[in-house]
Amino acid sequence: MIKKVDHIGIAVKNLDEAIKFYTDILGLECHGTEVVEEQKVKVAFLPTGDSELELLESTSPDGPIAKFIENKGEGIQHIALGVDNIDEALAECKAKGLRLIDETPRYGAGNARIAFIHPKSSKGVLIELCERL
Ligand code: ZN
């Protein structure tokens, strides 16, 4: 059911500074930003060939990214695996007894439908299933 690594989500304190690092120093291009209010996050997209880096800055001190940085510091927050059909993928995860953070898909930055698998079910990695629309 998994096609590829769609993107890697990286929690950062300052989006502008992080974008500068990835573009000026590493030579990637930033293909825009998007605020997802529901998740209290501002996202920047930096394509890396067939997948991309997703830089995430919290828009609020009580957002999930702010909490992540408070606990663990800046760094990789989640890995997103691309699927063709997220409803089928979620049903399969449920059938296999995985603990899910999202029982039903929700909107994800970059025009996608996403759902997270709980890290307790996936060896400590926060995995996002991602269907691009
Ligand atoms: Zn993501």
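Please read these numbers as outputs of a predicted model, since none were measured by experiment.

Enquirer: Which residues make up the nonpolar core, and what values do they have?
Expert: With 11 residues, the main nonpolar core is built from Leu 81, Val 83, Ile 86, Ala 89, Leu 90, Cys 93, Leu 100, Ala 115, Ile 117, Ile 127 and Leu 129. Among the secondary structure elements, those contributing two or more residues to this core are β5 (75–83), α3 (86–95), β7 (112–117) and β8 (127–132). Looking at this core, the element that brings in the most residues is α3, giving four residues. Contacts of Ile 86, omitting those with residues within four sequence positions, involve Pro 105, Arg 113, Ile 114, Ala 115, Leu 129, Cys 130 and Glu 131.

Enquirer: Tell me what's going on with the packing of aromatic side chains, and back it up with residues and numbers.
Expert: Within the structure shown, the criterion is met by one aromatic pair. Seen from their ring centres, Phe 21 and Tyr 22 are 4.9 Å apart, and the 80° between their planes marks the pair as edge-to-face.

Enquirer: I'd like to hear about the pattern of salt bridges, residue by residue, with values.
Expert: What the rule picks out here adds up to 11 salt bridges. In this structure, the salt-bridge partner of Glu 103 is Lys 94, at a minimum N-O distance of 3.5 Å. On the accessibility criterion, Glu 103 (48% relative accessible area) is partly exposed. Of the charged contacts in the structure, one is a salt bridge between Asp 102 and Arg 106, with a shortest N-O distance of 2.8 Å. Arg 106 gets classed as partly exposed once you look at its relative accessible area, which sits at 23%. Sharing partners across several salt bridges, the network here consists of Asp 6, Glu 52 and Arg 132.

The rules we used
- Residues numbered from 1 in each chain as written.
- Predicted model: local features only at pLDDT ≥ 70, side-chain atom pairs only at ≥ 80, totals over all residues.
- Heavy atoms only, no water.
- Core = buried A, V, L, I, M, F, W, Y, C linked by side-chain atoms within 4.5 Å.
- Buried < 20%, exposed > 50% of the residue type's maximum accessible area, 1.4 Å probe, protein only.
- Helix = DSSP H or I, 4+ residues; strand = E, 2+ residues; numbered from the N terminus.
- Contact = heavy atoms within 4.5 Å.
- Phe/Tyr/Trp six-rings, centres within 6.5 Å; stacked < 30°, edge-to-face > 60°.
- Salt bridge = Lys/Arg side-chain N within 4 Å of Asp/Glu carboxyl O.

In short, geometric facts, not functional conclusions.
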